[in-house]
Amino acid sequence: MPKWDKRIIIIDSLIVICVAYGTWLMFTRGGDGTGLISSGLENLKYYTVLSNLFCGIVALAELVAHISRKSKFDFTMLKFMAATVTGLTAVIIAAFLQPTYPNLNMYQGSNLWFHLIVPVIAVAECVFTSDAASMLSFGRTMLTMIPSAVYGLFYALNILFRGIGTWPDTNDWYGFLNWGWPIGIIIFLVIIIVTWLVSLALWLLNKLWRFILLAIGIISL
């Protein structure tokens, strides 16, 4: 019978706990002035929430499968995708949304966990402890664009069918259409491309890290 991998148990447990705590804060404290938080199930409209929940669910599934020792499912692609989408969240918040809305603190309450802590853990796991670079081909990194493309499609369709609305009840909660549909579409396309760039960066960093470990003799081929 295979032994338990302490790395998987520790990291997956940490991710599950962080996502669970962030979710609890989100549902119990709601919109407490931190920005991009609604009430109840309405929070599920945010890419940040969906990406973190996906990350937590994947970690929980891998943890249960590993502890039970009954599943031979390879979680490499799902973990890589989870690191990418949560990493994308961190990038968009830091580079676009926080500068765009400087009066909102997007690193407070549940946002601290979903915008920073969970993404950092997921990205660090992907780069420093996973076998993503050796298990996944360059072409498979492009699959990480699927979640962002699907989310963007539903985001646009929701606005087309229900209208943009007015703040705070707007259906354009990220403000991508503040400059009109042409710019909004460009933003969507850029986000999809950035998703792939994030995944590519993680893939290359993992490959570099494994090369370093190989060079100093910590791992072998």
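Residues numbered from 1 in each chain as written. Predicted model: local features only at pLDDT ≥ 70, side-chain atom pairs only at ≥ 80, totals over all residues. Heavy atoms only, no water.

1. Topic: the environment of R140
Its location among the elements puts R140 in the loop between α5 (132–135) and α6 (145–162). Its relative accessible area of 35% is what places R140 among the partly exposed residues. Residues R140 and L200 lie 60 residues apart in sequence; the distance between their C-alpha atoms is 9.9 Å. Aside from chain neighbours lying at most four places away, what touches R140 is M77 and M135. (Helix = DSSP H or I, 4+ residues; strand = E, 2+ residues; numbered from the N terminus. Buried < 20%, exposed > 50% of the residue type's maximum accessible area, 1.4 Å probe, protein only. Contact = heavy atoms within 4.5 Å.)

2. Points about the packing of aromatic side chains
Inspection of every chain in the model, using the stated rule, returns 17 aromatic pairs. Ring pairs connect the aromatic residues Y46, Y47, F96, Y151, Y155, W173, Y174, F176 and F188, which therefore count as one cluster. The ring of W203 carries the charged tip of K207 above its face, separated from the ring centre by 4.7 Å. (Phe/Tyr/Trp six-rings, centres within 6.5 Å; stacked < 30°, edge-to-face > 60°. Lys NZ or Arg CZ within 6 Å of the ring centre and 35° of its normal.)

3. Things to note about the packing of helix α3 (residues 76–100) against helix α7 (residues 181–215)
Orientation of α3 relative to α7, taken along the N-to-C sense of each, is 120 degrees, at an axis distance of 9 Å. The angle between the axes of α3 and α7 places the two elements in the oblique class. The chirality of how α3 crosses α7 is right-handed. Contacts between α3 and α7 involve F80, A83, T84, G87, L88, V91 and I92 on the former and, on the latter, I191, V194, T195, V198, S199, L202 and W203. Along the lines of polarity and charge, the residues of the contact of α3 with α7 split into ten nonpolar, four polar and no charged. (Axes fitted to C-alpha atoms, helices over the stretch in contact; angles between N-to-C directions. Parallel < 35°, antiparallel > 145°, perpendicular 65-115°, else oblique. Left-handed = near helix turned anticlockwise from the far one by under 90°. Nonpolar A, V, L, I, M, F, W, Y, C, P; charged D, E, K, R; others polar.)

4. What to know about helix α2 (residues 47–68)
Its 22 residues place the ends of α2 31 Å apart at the C-alpha level, agreeing with the 32 Å of an ideal helix rising 1.5 Å per residue. Directly after α2, the chain includes R69, whose backbone phi takes a positive value near 60 degrees. (Expected span 1.5 Å × (residues − 1).)

5. Some points on the packing of α6 against α7
Orientation of α6 relative to α7, taken along the N-to-C sense of each, is 160 degrees, at an axis distance of 8 Å. Comparing the axis directions of α6 and α7 gives the class roughly antiparallel. Regarding α6 and α7, the two cross each other, and that crossing is right-handed. Mapping the contact onto sequence places M145, S148, A149, Y155, A156, I159 and L160 in α6 and W181, F188, I192, T195 and W196 in α7. For the contact of α6 with α7, the class distribution of residues is ten nonpolar, two polar and no charged.

6. Here we look at the confidence of the model for the protein
Averaged over all residues, the pLDDT of the protein equals 88, while 93% of them reach at least 70. Mean pLDDT values for the elements of the protein range from 84 in α5 up to 95 in helix α4 (residues 110–128). (pLDDT = per-residue confidence, 0-100.)

7. Digging into the environment of L197
Within the secondary structure layout, L197 lies in helix α7. With 113 residues separating them in the primary sequence, L197 and T84 have C-alpha atoms 9.2 Å apart.

8. Some words on α3
In this model, α3 (25 residues) spans 35 Å end to end at C-alpha, consistent with the 36 Å of a helix rising 1.5 Å per residue. Taken as a whole, α3 carries its principal kink of about 45 degrees at I93. (Bend = angle between axes of the 7 residues up to and from the residue.)

9. Observations regarding the nonpolar core
Counting 47 residues, the largest nonpolar core has I15, F80, Y155, Y174, F176 and L202 as its most contacted members. Of all the secondary structure elements, the ones that give two or more residues to this core are α1 (6–29), α2, α3, α4, α5, α6 and α7. In terms of residue count, the dominant contributor to this core is α3 (ten residues). Those residues within four positions of L202 in sequence are excluded, and the remaining contacts are F80, A83, T84, V123, C126 and V127. (Core = buried A, V, L, I, M, F, W, Y, C linked by side-chain atoms within 4.5 Å.)

10. With respect to a nonpolar patch on the surface
The grouping of L143, I146, V150, L153, F154, L157, L160 and F161 at the surface amounts to a nonpolar patch, some 830 Å² of accessible area in total. Judged by its relative accessible area of 37%, L143 falls in the partly exposed class. (Patch = residues over 30% accessible without salt bridge, like charges linked within 9 Å, V, L, I, M, F, W, Y side chains within 5 Å. Areas by Shrake-Rupley, 256 points an atom, 1.4 Å probe, with all protein chains shown as cover. Salt bridge = Lys/Arg side-chain N within 4 Å of Asp/Glu carboxyl O.)

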